[in-house]
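Structure at a glance
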Amino acid sequence: MKKFKYIILLLILGLSACDDFLDRTPDVNLDEDKVFTNFINAQAFQADIYSGLTSRFNALGNYQPVPLSSASDESESNAGYHGTKSFNMGNYNGVDANIYFYYSAIRKANLFLKNAERIPYPDVKTKEKMVGEVHFLRAFYFNEMLKRFGGMPIMTEKDLLIPGDNLMRPRDSYRDCFAFIMSDLKIAIDFLPVTLNTNEYGRATKGAAMALKARMLLYAASPLFSQKTGIWGIGGTTDDWMDKDGKTWWLKAAEAAKAVIDLKDIDGNPVYALYKTAAVNKADDYEKMFFKRREQGNKEIIFYKHEAPVGFSSNEINVWMPSGDFAGAGAVQPTNNFVKLFEMANGKYIDEAGSTYDASKPYLNRDPRFYKIIIYQGSTWQGATMDMSTSTIQFPAGTFLTGYFVRKYLPEEIKKNTTTTSYHNWIFFRLSEMYLNYAEAMNEVEGPTQQVRDAINIVRARSGVIDIPVDLTGDKKSMRTRIQRERAIELCFEEHRWWDARRWSTGEEGELATKWFGGPMNRVVITKSGSNVSYNEESYFTRIYQPNNNLYQIPLGEMYKNPLFVQNPGY
């Protein structure tokens, strides 16, 4: 019997409501018989497969890392926080690759599935739930590589490679990887429960598997992956998932998203709903949704990283918190490129006729979500009125760059020199995305019909945002741009912008006379003279983004180790 090293859990309690269920003891040598012929050990092994899920608040860099938003046009990280610097300079060699990490998680899943029939489950329901979760997790991890690189070698329970085995495998096509993931998700959807007990929150459900399926179909229908050539192309097959008709792909994506929206529990009640309370300011619900768990009435979250509450010392808080008197690093600063994407309260773009935008009062009468996402000149944060002007001594030199800080994700009650903590959820899937996925896909199928408009307006209404203009009917291209802008605001800093630009191949294209990821990144310089405040936009850095960057580069180290690998185009 082959021996292998495995980390066993300290407590076999599954996912508790409050504690990180991945606290682990030192390595223990166990063999497969000892793990998989004992239900408690097998349960611990299965639970540890979730350890591959990572919170992406701090995704890049080794010391106090920063999010991917600072490699997109959403934000910038100030001096000393260079996790995104390589991306911004057009160097994709190894940044955010995580190939070994994801294959390690996939290997755990494969080892469990290889031995799944040996485990003495207490009942069939438990077996199906555990097996379904593992199929979902394998699909999730494989998709993380697929969206970065395109096709990568498919590893199943028959491919349990150990040191000394032949690791030289060619890349499988995007088409084959997509079909493999979809087969995993079919099993997961069939086996997983719709709802969970409170002490199991954080585990995968039927809705989580359906949401991943919906997102994958949306991506597969999008321009980047719908091309018919290349090592990552889809074309050349007629099986169930590979219809050649591009419109059919969009329709499948729409139907998959709608299935998540319409999912019911055993009593016929909707499983998911946008987080809404009786708040007078509806945008308050948008802000608080990220701090509330399902047991606290938040039915919007479909799947999230289950962790204990965090305090000021956590990088998840400190790196994002404003600098100066607030004692944070202030290392996630929205660009003016991003701020200009926010509509006016009347639903018009700031440069659109009739918008009422006033450059001398740029933050007046904006989309209600603006005030819950951005910390700006004159806003109030933790009881202080923010002064972002050049004359202020509020922020130490070098810590303030763009004229803004991020408010989204920051619980206002967490302050320096306190022990206050709050739930701080990294959300992989939430219902708002499904509405916007549905709207996008149906627009590509039928154009801006009423059902497309309704899906967008449902999301906007939760935050008190006016309905989209009524003059988009019949213009698919205008509605496409509107949906892209809506996703940019509603889903900001959740990594959607990063992947949306790629799948639409828009990272290098112009928007608002700038570019999404490449080209000048702009800040606002604020000056004060007495009671007068002036705002001037200026470029602070020109980023490099080329069409080949729509896919990541296979790290050179991986290429040297495996001569069968074919590099992505343009590298």
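Residues numbered from 1 in each chain as written. Predicted model: local features only at pLDDT ≥ 70, side-chain atom pairs only at ≥ 80, totals over all residues. Heavy atoms only, no water.

Points about the overall build of the chain
The helix and strand tally for the chain stands at 18 helices and 14 strands. Across the 571 residues of the chain, 58% fall into the buried class. Intrachain contacts of the chain at a sequence separation of at least 6 include 70% that bridge at least 24 residues. Accessible surface, the chain as shown: approximately 22,500 Å² in total, 53% of it carbon and sulfur. (Helix = DSSP H or I, 4+ residues; strand = E, 2+ residues; numbered from the N terminus. Buried < 20%, exposed > 50% of the residue type's maximum accessible area, 1.4 Å probe, protein only. Contact = heavy atoms within 4.5 Å. Areas by Shrake-Rupley, 256 points an atom, 1.4 Å probe, with all protein chains shown as cover.)

Overview of the pattern of salt bridges
Under the counting rule described, the total for this entry stands at 47 salt bridges. Of the charged contacts, one joins R369 and D367 as a salt bridge, the two residues approaching to 2.8 Å between their closest N and O atoms. R369 gets classed as buried once you look at its relative accessible area, which sits at 0%. By relative accessible area, which is 1% here, D367 ends up buried. Members of the salt-bridge network, linked through shared partners, are E300, E343, D367, R369, K408, R430, R460, R462, R482, E486, E490 and E494. (Salt bridge = Lys/Arg side-chain N within 4 Å of Asp/Glu carboxyl O.)

Concerning the environment of L431
Secondary-structure assignment places L431 in helix α14 (residues 431-446). Overall, the relative accessible area of 1% leaves L431 in the buried class. Along the chain, L431 and V260 lie 171 residues apart, while their C-alpha atoms are 8.0 Å from each other. Not counting the four nearest positions on each side in its chain, L431 is found in contact with I261, Y272, A273, L274, E300 and I302.

Section: the packing of aromatic side chains
Applying the stated criterion to the full structure yields 45 aromatic pairs. Residues F36 and F112 carry aromatic rings whose centres are separated by 6.4 Å and whose planes lie at 70° to one another, so their mutual orientation is edge-to-face. Placement of F36 in helix α1 (residues 32-36) and of F112 in helix α4 (residues 99-114) is noted, with a sequence separation of 76 residues between them. Each member of the pair, F36 as well as F112, carries the same accessibility label: buried. (Phe/Tyr/Trp six-rings, centres within 6.5 Å; stacked < 30°, edge-to-face > 60°.)

Things to note about the confidence of the model for the chain
Across the chain, pLDDT averages 88, with 88% of residues at or above 70. Counting contacts from residues 234-239, a segment whose pLDDT is below 50, to residues more than four positions away or on other chains yields 16 contacts. (pLDDT = per-residue confidence, 0-100.)

Describing helix α7 (residues 206-221)
If you check α7, its first and last C-alpha atoms are 23 Å apart, about what 16 residues at 1.5 Å a residue would give, namely 22 Å. For α7, the tally of buried residues reaches 15 of 16 residues, placing the bulk of the element in the interior. (Expected span 1.5 Å × (residues − 1).)

Looking at the side chain of T402
With respect to the element layout, T402 can be found in the loop between β8 (384-385) and β9 (405-406). Within polar-contact distance, the side chain of T402 engages the backbone nitrogen of Y404 at 3.3 Å. Apart from the residues within four sequence positions on either side, T402 is in contact with E76, Q333, P334, T335, R523, V524 and Y540. (Polar contact = N/O pair within 3.5 Å; in protein donor to acceptor, adjacent residues only side chain to side chain.)

Observations concerning α14
With 16 residues, α14 should reach 22 Å at 1.5 Å per residue; the first-to-last C-alpha distance of 22 Å fits that figure. Within α14, 15 of the 16 residues are buried, which leaves the element mostly enclosed by the surrounding structure. Looking one or two residues beyond α14, the residue adopting positive phi is G447, at roughly 85°.

Re the pairing of strand β14 (residues 532-543)
As defined by bridge partners, strand β13 (residues 519-529) adjoins β14 across 11 bridges and the pair is classed as antiparallel. In the strand pairing of β14, K528 is matched with V533. (Pairing = 2+ DSSP bridges.)

Quick look at the environment of T335
Structurally, the position occupied by T335 is in the loop between β5 (333-334) and α12 (336-339). As a C-alpha pair, T335 and E76 span 259 residues in sequence and 6.4 Å in three-dimensional space. Leave out the neighbours within four places in its chain, and T335 touches D73, E74, S75, E76, T402, M521, N522 and Y540. Reaching out from T335, the side chain makes a polar contact with the backbone oxygen of D73 at a distance of 2.5 Å.

Looking at the environment of W320
Assignment of secondary structure puts W320 in the loop between α11 (315-318) and β5. Taking the relative accessible area as the measure of exposure, W320 reaches 0% and is therefore buried. Note: C-alpha distance between W320 and K408 (88 residues apart in sequence) is 9.3 Å. Among residues more than four places away in sequence, those in contact with W320 are F57, N58, P67, N315, V332, V406, K408, Y409, L410 and F493.

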